[in-house]
Amino acid sequence: MTWKPLHLICGLAWAAAAAGVSPAQAQDRGKLIATAGLIQIEGAGGGGLAPWALITGYGTRDSVGANVHGTVVRVTNFTLSTLGAAVGLYDRVELSYTRQFFDTGGTGRALGLGGGYQFSQDVFGVKLRVFGDGILDQDSWLPQVAVGMQYKVNNRTDVLRAIGAKSDQGADFYVAATKLFLTQSLLLNATVRMTRANQFGILGFGGDRSDSYHPEFEGSAALLLSRNWAVGGEYRTKPDNLRFAREGDAYDLFVTWLPAKWVSATLAYVDLGSIATRKHQEGVYASLQLGF
Amino acid sequence: MPVFSSVSRLAAMALAAALLAAPARAGTLYDDLGGRAGVQRIADGMLQRALSDPRIKDKFQDADIERLQGLLMLDFCKLAGGPCRYPGRDMATAHADLNLAPRHFNAIVEDLQDSMQAEGIPFRTQNRLLALLAPMHRDIVAPPGAKPEATP
Ligand code: HEM
């Protein structure tokens, strides 16, 4: 693989810096607090598991926004950590890069990989807002709709082949619809993702059971408690492509604190289902985001 | 891990209950905002904040503030279901020359939120008023080509 993730990080940092030195409205921080959403596990603007149709960052149509995030998901037998950056351009286009580290802990030894064996994966994301204003169009049921792609490159080609995966890289395509129902202080999201990814891609793409694209559903509900607090839950279905280990659905229940537009912290209970023969992978999800 | 499972089930039930709980409604939104006196204080508070808000105060340079103060109150009162007639211009006409961008619109929304917060209006009641105002962005905010950069 000749991807140079470092280059993209530099690119994103550059974009953020460029935004930082240009005139005031180049970073107008003009969106209302919380209406930029959070960053989901693969780096796109969204909830924790699902990408949303909202463009990340607090820039409006005349401006840009950007953020960095770090997330740790500690479940029964594994730890998934992610680090990444995302840029929202003119409330229209979103670019993101995230690196995921999947630590197999003691299970690595049991599976013959060695203790503490780690997979890592680069996720390059792009999202285009197609139509709708999910925040301000409160007199209609029409949601904000966006389409997106996540290109994922896993670094463990040989192991992936050994467990029955067909490929070490793959692209997910999704359509997301997001709507804030202000009268109810409730934000709803529905996403349909076409994917071949096993466990988000951490166990590769396609498998000996199935190698074709499957439509998967991802739903989110968030209740705004105040300008600075939200609670919610999400559900995400996943493919089941590998013979050696069944894969199930994931869900989370989260609480998010947004003391200001430039920082947010999310704590969640998460259940990722069964992973690599280990059942009931549940635990804690913690994420910190900084940006503008 | 049974502990986690029961915690998650409890949390799920709590969330479902919270989602289903209808906002407490004493009567119309107008009543919940404190009637005529309450709406007056909310509108005044928003205008005072807007006039000293560095993001938008320049937009009010040429405005007749006293007239605006009266009209804002009547506009909010009528929107919230109160016994008021709004005698002013429509939103598109009133804001046509101001070259307003989304950031200006959201800035005044934040000033309104601060005003309602200071009046002790519960968050969910605040959002019921915002839900009525939000669609007005289509008339108030200038179309993208209008180059709002000309006036900050
Ligand atoms: C939901 C948001 C808004 C509402 C409900 C609203 C409401 C009103 C009303 C009722 C009037 C009086 C109309 C008339 O003169 O006949 C008015 C005028 C005005 N508004 Fe707004 N407005 C909003 C947003 C804004 C924003 C974002 C700005 C600027 C940052 C702004 C600046 C003005 C100014 C300067 C006038 C006076 C215009 C003049 O006297 O020629 N408004 N607005």
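Everything discussed here concerns the structure shown above.
Note that the structure is a prediction, hence the values are computed from the model and not measured. Sequence positions are assigned chain by chain, starting from 1 and proceeding in written order. Written order decides the labels, with chains lettered from A and ligands numbered from 1. Predicted model: local features are reported for residues with pLDDT of at least 70 only, side-chain atom pairs are reported and counted for 80 or more only, and whole-chain, interface and lining totals are derived from all residues. No hydrogens and no water enter the side-chain calculation; it runs on all heavy atoms of the structure.

Caption draft 1: Fine view of the overall build of chain B. Comment: elements are numbered from the N terminus, with helices defined as DSSP H or I runs of at least four residues and strands as E runs of at least two. Secondary structure assignment for chain B yields 8 helices and 0 strands. Going from the N terminus to the C terminus, chain B shows its helices and strands as α-α-α-α-α-α-α-α. Partly exposed describes any residue whose relative accessible area lies between the buried limit of under 20% and the exposed limit of over 50%, with all areas from a 1.4 Å probe on protein chains only and scaled to the type maximum. Taken over 152 residues, chain B has a buried fraction of 43%. Whether two residues are in contact is decided by their heavy atoms: any pair within 4.5 Å suffices. Look at the contacts in chain B between residues 6 or more apart in sequence, and 72% of them connect residues 24 or more apart. Values of accessible area rely on a 1.4 Å probe in the Shrake-Rupley scheme; residue burial ignores everything except the protein chains shown. For chain B, the exposed surface amounts to about 8,000 Å²; the carbon and sulfur share of it is 59%.

Caption draft 2: Representation of the interface of chain B and chain A within the structure. Taken together, the 37 residues of chain B in the interface contact 33 residues of chain A. Summed over both partners, the accessible area lost on bringing two parts together, with a 1.4 Å probe, is the buried area. Both faces combined, the contact of chain B with chain A buries some 2,900 Å², and carbon together with sulfur accounts for 60% of it. For this analysis, a salt bridge means a side-chain nitrogen from Lys or Arg found within 4 Å of a carboxyl oxygen belonging to Asp or Glu. In this structure, the connection of chain B to chain A is made through 5 salt bridges. For D62(A), the salt bridge identified is with R103(B), shortest N-O distance 3.7 Å. Two N or O atoms count as a polar contact when they lie within 3.5 Å, although within protein this holds only if one can serve as hydrogen donor and the other as acceptor, and sequence-adjacent residues are included solely when both atoms are side-chain atoms. Linking chain B with chain A are 10 residue pairs in polar contact (both at pLDDT 80 or more). Among the secondary structure elements, those contributing two or more residues to the side of chain B that touches chain A are α1 (2-20), α6 (102-118), α7 (123-133) and α8 (137-140) of chain B. In the side of chain B that touches chain A, the residues fall into 23 nonpolar, 6 polar and 8 charged. Classification convention: Asp, Glu, Lys, Arg as charged; Ala, Val, Leu, Ile, Met, Phe, Trp, Tyr, Cys, Pro as nonpolar; all other residues, Gly among them, as polar.

Caption draft 3: Looking closely at the coordination of the iron atom of the ligand. Water is absent from the atoms considered, so a metal site may look incomplete; donors are defined as N, O and S atoms within 2.8 Å of the metal, or 3.2 Å for Na, K and Ca. Only one protein atom coordinates the iron atom of the ligand: H95(B) (NE2), located 2.0 Å from the metal. Its location among the elements puts H95(B) in helix α5 (residues 91-95).

Caption draft 4: Quick look at the state of the cysteines. All names here are of chain B. Cysteine sulfur pairs qualify as disulfides if the two atoms are within 2.5 Å. The tally for this structure, following the rule as stated, stands at 1 disulfide over all chains. C77 shares a disulfide with C84; S-S distance 1.9 Å. The disulfide joining C77 to C84 has a torsion of about 75° about its S-S bond and is therefore right-handed. By relative accessible area, which is 0% here, C77 ends up buried.

Caption draft 5: Region of the structure containing the packing of aromatic side chains. Residue and element names in this part refer to chain A. Between the rings of Phe, Tyr and Trp (Trp by its six-membered ring), a pair exists once the centres lie within 6.5 Å; its type follows the angle of the planes, with under 30 degrees stacked, over 60 edge-to-face, and the other angles tilted. Following the criterion strictly, the structure yields 9 aromatic pairs over all chains and no others. A ring pair is formed by F102 and F119, whose centres lie 6.4 Å apart and whose planes are at 55°; its orientation type is tilted. You can see F102 sitting in strand β5 (residues 93-103) and its partner F119 sitting in strand β6 (residues 118-131), a full 17 residues away along the chain. Take F102 and F119: they sit in the same class, and that class is buried. Ring plane angle 80° and centroid distance 5.3 Å describe the contact between Y117 and F119, whose orientation is recorded as edge-to-face. Across the pair, exposure class does not vary: Y117 and F119 are buried alike.

Caption draft 6: Layout of the site of the ligand. Residue and element names in this part refer to chain B. We call a residue near a molecule or strand as soon as one heavy atom of that residue lies within 4 Å of the molecule or strand. Near the ligand lie 23 residues; those nearest to it are R67, L68, Y86, R89 and H95. Within the side chain of R67, one N or O atom sits 2.8 Å away from an oxygen atom of the ligand. One nitrogen or oxygen atom from the main chain of R89 is found 2.8 Å from an oxygen atom belonging to the ligand. Sorting the residues of the shell around the ligand by element identifies α4 (65-79), α5 and α6 as the ones contributing at least two each. A total of 5 residues in the shell around the ligand trace back to one element, the largest contributor, which is α4.

Caption draft 7: Expanded view of the sheet that holds strand β11 (residues 229-236) of chain A. Residues and elements named next belong to chain A. DSSP-based pairing: two strands are paired if at least 2 bridges between them are found. The strand order β3-β4-β5-β6-β7-β8-β9-β10-β11-β12-β13-β14 describes a closed barrel built from 12 strands, whose pairing is antiparallel. The sheet shows a mean angle of 20° between the axes of neighbouring strands, taken without regard to direction. Relative to strand β12 (residues 250-260), β11 runs antiparallel, the two sharing 8 bridges. Each bridged residue has a counterpart across the sheet, and for R236 the counterpart in β12 is A250. Axis angles are defined between N-to-C directions and span 0 to 180 degrees, where every axis is a line fitted to C-alpha atoms and, for a helix, only to the segment in contact.

Caption draft 8: Examining α7(B) more closely. Counting buried positions over the 11 residues of α7(B) gives 9, a clear majority of the element. Restricting attention to buried positions, one finds in α7(B) the residues F123(B), T125(B), Q126(B), N127(B), R128(B), L129(B), L130(B), A131(B) and L133(B). Looking at the buried residues of α7(B), the elements they touch are β10 (214-224) of chain A together with α2 (29-32), α4, α6 and α8 of chain B.

Caption draft 9: Fine view of the environment of R103(B). In this structure, R103(B) sits in helix α6. Distance from R103(B) to R55(B), taken between C-alpha atoms, is 8.4 Å for residues 48 residues apart in sequence.

Caption draft 10: Spotlight on α4(B). All names here are of chain B. What a helix is expected to span follows from its residue count: subtract one and scale by 1.5 Å. Under the 1.5 Å per step criterion, the end-to-end length of α4 is 21 Å for 15 residues, consistent within 8% with the ideal 21 Å. Where α4 is concerned, the buried positions are L71, L72, M73, L74, D75, F76 and C77. On its buried face, α4 sits against α2, α3 (35-51), α5, α6 and α7. Of the residues one or two after α4, G81 is the one with positive phi, at around 90°.

Caption draft 11: Representation of the nonpolar core within the structure. Only buried Ala, Val, Leu, Ile, Met, Phe, Trp, Tyr and Cys residues count toward a nonpolar core, and they belong to the same one when joined by side-chain atoms within 4.5 Å. Judged by nonpolar contacts, the single largest core of 74 residues is most densely connected at V73(A), F119(A), L272(A), L33(B), F76(B), L112(B) and M116(B). Non-local contacts of L272(A), meaning those with residues more than four positions away in its chain, are made with L49(A), V73(A), V75(A), F200(A), K238(A), G248(A), D249(A), A250(A) and Q281(A).

Caption draft 12: Structural context of the pairing of strand β4 (residues 79-89) of chain A. Residue and element names in this part refer to chain A. For β4, the tally of buried residues reaches 8 of 11 residues, placing the bulk of the element in the interior. Pairing geometry for strand β3 (residues 64-75) and β4, over 11 bridges, is antiparallel. The residue bridging A66 from the neighbouring strand is V87, located in β4. From the end of β3 to the start of β4, which pair antiparallel, there are 3 residues. The sheet contact formed by β4 and β5 spans 11 bridges and is antiparallel. Across the sheet, the residue bridging to G88 is E94, located in β5.

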